[in-house]
Amino acid sequence: MDMETVTLSQIVEKLVPELSSFLTKRELAINIVLRDGLAVLEPEDAREIVQHSICEHQIQALLQ
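In this text, all values refer to a predicted model and were calculated from it rather than measured experimentally. (Residues numbered from 1 in each chain as written. Predicted model: local features only at pLDDT ≥ 70, side-chain atom pairs only at ≥ 80, totals over all residues. Heavy atoms only, no water.)

Ranked by size, the top nonpolar core spans 15 residues in total, and within it L8, I11, V12, I32, L34, L41 and I49 carry the most contacts. Of all elements in the fold, only α1 (8–15), β2 (31–34) and α3 (43–63) reach the threshold of two or more residues within this core. At 4 residues, the largest contribution of residues to this core is made by α1. With sequence-adjacent residues up to four places away left out, I32 is seen in contact with E4, T5, V6, L8, I11, I49 and S53. (Core = buried A, V, L, I, M, F, W, Y, C linked by side-chain atoms within 4.5 Å. Buried < 20%, exposed > 50% of the residue type's maximum accessible area, 1.4 Å probe, protein only. Helix = DSSP H or I, 4+ residues; strand = E, 2+ residues; numbered from the N terminus. Contact = heavy atoms within 4.5 Å.)

A few words now on the environment of V6. Structurally, the position occupied by V6 is in strand β1 (residues 4–7). C-alpha separation for the pair V6 and L23, spaced 17 residues apart in sequence, amounts to 16 Å. Discounting chain neighbours no more than four positions away, the residues touching V6 are I11, I30, N31, I32 and L34.

It is possible for side chains bearing opposite charge to pair when their charged atoms get close. Applying the stated criterion to the full structure yields 3 salt bridges. Here D36 and R35 are joined by a salt bridge, their closest N and O atoms 3.7 Å apart. According to the relative accessible area criterion, D36 is partly exposed, its value standing at 34%. Taking the relative accessible area as the measure of exposure, R35 reaches 66% and is therefore exposed. Across the salt bridge formed by R47 and E44, the nearest N and O atoms sit 3.6 Å from each other. Here R47 and its partner E44 are both found in helix α3, 3 residues apart, which amounts to about one turn of the helix. (Salt bridge = Lys/Arg side-chain N within 4 Å of Asp/Glu carboxyl O.)

As structure tokens, then:
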């Protein structure tokens, strides 16, 4: 499968909708590049992506 770019909101809506209320609109709009596409992601993969995205977003906020 080819690489696919999706937003974090697409991942959350499909695999872990219970996490959507914990994320800001800005975080949900983050683009994520998936090596094997959205179709092969598991909920645990989605949780890990959300965790890393939040951490990266916080680091960028601190650097500004």
